[in-house]
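In case you want the letters, here they are:
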Amino acid sequence: MENKTLTIELKEKAKSEGFALAGIASIPGSSRINLRTKALERWLEKDYHGEMKWMEADRRKNIESLLIGAKSVLAVGLNYLSNENQRKTNFKFGKFSQGEDYHHVITKKLKKIGKWIETKSPDCKWKVCVDSSPLLEKAWAEESGIGWIGKHSNLINKKYGSWLSLGFMILNKELIPDIPSKPLCGQCDKCIDHCPTNAITEPFVINSELCIAYHTIENREEKIPNKIKSNLNGWIAGCDMCQDVCPWNKSVPTNQSYEVKPKEWMTNLDQEALQWNDEEWADKLKGTTLKRIKPWMWRRNIQAVIHK
Ligand code: B12
């Protein structure tokens, strides 16, 4: 099939699978990819990745290391803003985590699209990346034209705001690239001003050691540091404070799909959860991305919110 037709049909196929956004970038991309790669190097030099040593992998700087002959990348965005809001409870969860595990949801859809491409272009090789691959995802999403990197460092789209989980398919086929997105944060600094722990040290740069999301999800220490603990504001798994205040997140479309519907137990969580044993936690977390938070960490996080 001709590249132009395949490009158009591929993006249409992605939308029909339930992605809100789909865009294409050519590899190696524009000079902006070099800028973003340098930003990664500076971030690592400053130790802003804390204990996430896996962020140091050199391959993250080179998309071509992920697929032999990589020529194009399809970037997709899954709208995770559910129409069923989380009821107000004492304990808060990042909205990205409240439904089905987005890694599974996105991977399944992208693999289906990969099989479809093979019927149109049998020599096409492809690889799916969702979060855990060493790929500078937001930089490639920006390059594919599905949004820009906001000052809180998350990808923002004009229509959907930043409530998007990202997924990627790298292909060995030349496709017609979209125009990269332009940053539209302007003079607004709301995300920077509202972060209670000052984790956004300068626009676009997060010091993970100061970020509530890092401490509630990634930190494997026995205790949450005091300066974070006193500012948790109820967050026990991730944190949306910098995104909740973003003007681009006002009046954005919601997703009706069960895939992003908050799990019932999350909407009713109370202190009784401190009594749940490891099996009970495993049972609750099954199928969600929050399995990453071990039962002892949940107890630690809940205790930290209660005894701030
Ligand atoms: C490590 C990581 C984290 C760490 C570090 C966060 C961070 N900002 O790096 C922690 C654990 C703190 C974290 C938290 C969250 N994460 Co996270 N995380 C990642 C991961 C694995 C890598 C990100 C990365 O490369 N960091 C390295 C630094 C250097 O990159 P960066 O901060 O993005 O820096 C870029 C910008 O600053 C930009 N830049 C630098 N200078 C300039 C200047 C200008 C003018 C501009 C425009 C840009 C710009 O270039 C840099 C390089 O691309 C990605 C998945 C992936 N494979 O990419 C998910 C990912 C970024 N996370 C995601 C999510 C949802 C979150 C949370 C919202 C979850 C939550 N609710 O708690 C929070 C948000 C916190 C925040 N404000 O960043 C989503 C973001 C989706 C989106 N719309 O952008 C991703 C893409 C996962 C996914 N596949 O959906 N995360």
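What counts as what
- The residue numbering used here restarts from 1 in each chain and proceeds along that chain's sequence as written.
- Where local features are concerned, this predicted model is filtered to residues with pLDDT of at least 70; where side-chain atom pairs are given and counted, the filter is 80 or more; whole-chain, interface and lining totals use all residues.
- By definition, a residue lies near a molecule or strand when the C-beta atom built from its backbone is within 6 Å of it.
- Where helices and strands are cited, they refer to DSSP runs of H or I of at least four residues and of E of at least two residues respectively, numbered from the N terminus.
- Each domain's extent is set by a domain assignment, obtained either automatically or from a database.
- What counts as a contact is two residues whose backbone-derived C-beta atoms lie within 7 Å of each other.
- By the convention adopted, Pro, Cys, Tyr, Trp, Phe, Met, Ile, Leu, Val and Ala count as nonpolar, Lys, Arg, Asp and Glu as charged, and the other residues, Gly among them, as polar.
- In this scheme every C-beta is placed from the backbone, and a residue whose C-beta has 20 or more other C-beta atoms within 10 Å is buried, one with 12 or fewer is exposed, and one in between is partly exposed.
- When buried Ala, Val, Leu, Ile, Met, Phe, Trp, Tyr and Cys residues are joined through C-beta atoms within 7 Å, the set is termed a nonpolar core.
- A pair of strands is treated as paired once DSSP finds two or more bridges between them.
- Throughout, an axis means a line fitted to C-alpha atoms (over the contacting stretch in the case of helices), and angles, computed between N-to-C directions, take values from 0 to 180 degrees.
- Multiplying 1.5 Å by the helix residue count minus one yields the expected span of that helix.
- Each C-beta atom gives one direction from the helix axis, and the arc is the one those directions make.
- Roughly parallel refers to an angle under 35 degrees, roughly antiparallel to one over 145, roughly perpendicular to one between 65 and 115, and oblique to any angle outside these ranges.
- The hand of a helix crossing depends on one turn: near helix anticlockwise from the far one by less than a right angle means left-handed, and clockwise means right-handed.

A. Spatial organisation of the site of the ligand. Taken together, 38 residues lie around the ligand, and Gly 94, Glu 137, Leu 155, Ala 213 and Gly 238 are the ones closest in. Secondary structure elements with two or more residues in the shell around the ligand: α2 (31-45), α4 (137-143), β7 (164-171), β9 (205-206) and α6 (212-218). Both domains that furnish three or more residues to the shell around the ligand are identified here as domain 1 (3-83 + 98-171) and domain 2 (190-306).

B. Representation of the domain arrangement of the chain within the structure. With domains assigned, the chain is organised as domain 1 (3-83 + 98-171) and domain 2 (190-306). Inter-centroid distance (C-alpha atoms) of domain 1 to domain 2 is 23 Å. Listed as interface residues are 31 residues of domain 1 and, on the opposing side, 33 residues of domain 2. In terms of residue count, helix α3 (residues 102-120) provides more of the side of domain 1 that touches domain 2 than any other element does, three residues in total. By residue class, the composition of the side of domain 1 that touches domain 2 is eleven nonpolar, 15 polar and five charged.

C. Spotlight on the environment of Ala 14. Take Ala 14: it is sitting in helix α1 (residues 3-16). The exposure class assigned to Ala 14 is buried, which follows from the 25 C-beta atoms found within 10 Å. Sequence separation of Ala 14 and Leu 110 is 96 residues, and the distance between their C-alpha atoms is 7.8 Å.

D. Structural view of the nonpolar core. Val 73, Leu 74, Ala 75 and Phe 168 are the most contacted members of the largest nonpolar core, which has 80 residues in total. Both of domain 1 (3-83 + 98-171) and domain 2 (190-306) provide at least three residues apiece to this core. Among all residues touching Ala 75, those that are not within four sequence positions of it are Gly 23, Ala 25, Trp 140, Ala 141, Ser 144, Ile 146, Leu 166 and Phe 168.

E. Fine view of the sheet that holds strand β1 (residues 21-26). Reading across the sheet, the four strands line up as β1-β2-β7-β4 and stay open at both edges, with antiparallel pairing between neighbours. Whereas interior strands pair on both sides, the edge strands pair on one side only; in this sheet they are β1 and β4 (126-129). Between one strand axis and the next, the sheet turns through 20° on average, direction left out of account. Pairing between strand β2 (residues 72-79) and β7: eight bridges, direction antiparallel. Each residue of the ladder has a partner; that of Val 73, found in β7, is Ile 170. Packed onto the sheet, α1 meets β1 and β2 and runs at close to 145° relative to β1. Where α3 meets the sheet, its contacts fall on β2, β4 and β7, and the angle it forms with β7 comes to roughly 30°.

F. Representation of helix α11 (residues 295-306). Over its twelve residues, α11 runs 17 Å from end to end, which matches the ideal 16 Å to within 8%, given 1.5 Å per residue. Considered for burial, the residues of α11 that qualify are Met 297, Trp 298, Arg 300, Asn 301 and Ala 304. Seen along its axis, α11 keeps its buried residues to an arc of 165°; they face one direction. Where α11 is buried, its residues touch α6, α7 (226-229), β10 (235-237) and α10 (278-285).

G. A look at the packing of α1 against α3. Look at α1 against α3: their axes get within 11 Å of each other, and the N-to-C directions meet at 150°. Here α1 lies roughly antiparallel to α3, going by the angle between them. As for how α1 packs across α3, the hand of that crossing is right-handed. On the side of α1, the interface is formed by Leu 6, Leu 10, Lys 13 and Ala 14, while α3 contributes Ile 113, Trp 116, Ile 117 and Lys 120. Tallied by class, residues from the contact of α1 with α3 come to six nonpolar, no polar and two charged.

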